[in-house]
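# Fold and contact review
Listed below, chain by chain, are the residues.
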Amino acid sequence: AMPHEDDSRNAILDAAERVLSQHGLANTTFDAVAHEAGMSKGGVLHYFRSKRDMLSTILHRFGRRFDERRREIVAALPDTPDRFARATFAAEAESGRRATASAPYRLDMLEDEHYRTIIGDVRKRMYADLLKGSRRPAKVLVALYMMDRLWMHQFFAPQAIPAGVLAHARQWLDGSIEKLYEDYF
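What this report covers is the structure whose coordinates are included nearby. Please read all numbers here as calculations on a predicted model, not as lab measurements.

Scanning the chain for helices and strands turns up 9 helices and 0 strands. For the chain, the succession of helices and strands along the chain, N to C, is α-α-α-α-α-α-α-α-α. For the chain, the proportion of its 185 residues judged to be buried stands at 43%. Here the analysis covers contacts within the chain between residues at least 6 apart in sequence; of these, 66% occur between residues at least 24 apart. Element-wise, carbon and sulfur atoms account for 54% of the exposed surface of the chain, whose accessible area totals about 10300 Å².

The next point concerns the pattern of salt bridges. Following the criterion strictly, the structure yields 9 salt bridges and no others. Measuring nitrogen to oxygen at the nearest pair gives 2.8 Å for the salt bridge that ties aspartate 14 to arginine 61. Placement of aspartate 14 in helix H1 (residues 3-23) and of arginine 61 in helix H4 (residues 51-76) is noted, with a sequence separation of 47 residues between them. For glutamate 113, the salt bridge goes to arginine 116, with nearest N and O atoms at 2.4 Å. Of this pair, glutamate 113 and arginine 116 both sit in helix H7 (residues 113-132), separated by 3 residues, roughly a single helical turn. Within this structure, Asp14, Glu17 and Arg61 form a network of salt bridges that share partners.

Summarising the element assignment, serine 8 is placed in helix H1. Leave out the neighbours within four places in its chain, and serine 8 touches Met39 and Tyr47.

All right, on to the packing of H4 against H7 then. Relative orientation of the contacting elements H4 and H7 amounts to 10 degrees, with a least axis distance of 10 Å. Our classification of the angle between H4 and H7 gives roughly parallel. Contact with H4, carried on its side by Lys51, Arg52, Leu55, Ser56, Leu59, His60, Gly63, Phe66, Asp67 and Arg70, involves His114, Tyr115, Ile118, Ile119, Val122, Arg125, Met126 and Asp129 of H7 and no other residues of that element.

A separate point is the nonpolar core. Core analysis: the largest hydrophobic core is formed by 25 residues, its most contacted members being Ile12, Val33, Val44, Phe48, Met54, Leu55 and Met109. Looking at this core, the element that brings in the most residues is H1, giving 6 residues. Those residues in contact with methionine 109, other than ones at most four positions away along the chain, are Leu25, Leu55, Leu59, Tyr115, Arg116 and Ile119. One finds Phe66, Val74, Ala91 and Leu144 within the second-largest nonpolar core, a separate group that totals 15 residues.

The tally for this structure, following the rule as stated, stands at 1 aromatic pair. Summarising the aromatic geometry, the rings of phenylalanine 62 and phenylalanine 66 are spaced 6.4 Å apart at their centres and angled 35 degrees between planes, so their arrangement reads as tilted. Of this pair, phenylalanine 62 and phenylalanine 66 are both found in helix H4, 4 residues apart, which corresponds to roughly one turn of the helix. Under the relative-accessibility criterion, phenylalanine 62 is labelled partly exposed at 26%. The class for phenylalanine 66 is buried, based on a relative accessible area of 6%. The positively charged end of arginine 52 is found above the aromatic ring belonging to tyrosine 115, 5.3 Å away from the centroid.

What follows covers helix H2 (residues 30-37). Taken together, the buried positions of H2 are occupied by Phe30, Val33 and Ala34. The buried residues of H2 all sit within an arc of 100 degrees when viewed along its axis, so they share a single face. Looking one or two residues past H2, glycine 38 carries a phi angle of roughly 75 degrees, positive in sign.

Topologically, histidine 60 is positioned in helix H4. Expressed as a C-alpha distance, the spacing of histidine 60 and valine 122, which sit 62 residues apart in the sequence, is 7.6 Å.

Reading the values: the criteria
- Residues numbered from 1 in each chain as written.
- Predicted model: local features only at pLDDT ≥ 70, side-chain atom pairs only at ≥ 80, totals over all residues.
- Heavy atoms only, no water.
- Helix = DSSP H or I, 4+ residues; strand = E, 2+ residues; numbered from the N terminus.
- Buried < 20%, exposed > 50% of the residue type's maximum accessible area, 1.4 Å probe, protein only.
- Contact = heavy atoms within 4.5 Å.
- Areas by Shrake-Rupley, 256 points an atom, 1.4 Å probe, with all protein chains shown as cover.
- Salt bridge = Lys/Arg side-chain N within 4 Å of Asp/Glu carboxyl O.
- Axes fitted to C-alpha atoms, helices over the stretch in contact; angles between N-to-C directions.
- Parallel < 35°, antiparallel > 145°, perpendicular 65-115°, else oblique.
- Core = buried A, V, L, I, M, F, W, Y, C linked by side-chain atoms within 4.5 Å.
- Phe/Tyr/Trp six-rings, centres within 6.5 Å; stacked < 30°, edge-to-face > 60°.
- Lys NZ or Arg CZ within 6 Å of the ring centre and 35° of its normal.
- Arc of directions from axis to C-beta.

What follows is the structure, encoded as structure tokens:
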């Protein structure tokens, strides 16, 4: 892609994230994203064939940015056994602070199998790297469980989210940690 095309594509994705945060998953339309990005609906459709394509790209971009930030933090830390864990938790804390506004639409995405798979893949990659770099994988799994619980409480609890949706997300997070435990041990 040409540099200008990358800029336009990223501007659309940034606009889509703002619309998602302000209006939720159901109300994120190509018209709303185009308006927010300051372009025509046709301009948005040039880059993304469907809403699902656009939202999937947002999730993949989040995963890439998280991985890049984690690698930057790892590179800056002394070479100790826990450096991967420290970098992951630091990057998670940074992304968590930015995620507050996106909490409701992220929970909506967990209700959809397609998005849940993408989110799960991002998490698996992060956790696999973390466990590879650790001498104490069981301790890391406990920390991940605690981090997920803290994240759920800190960012989702203050929002007006139906209890059933919150319970489903907690169940999915717990299940993903259990699956990781089974895969690793």
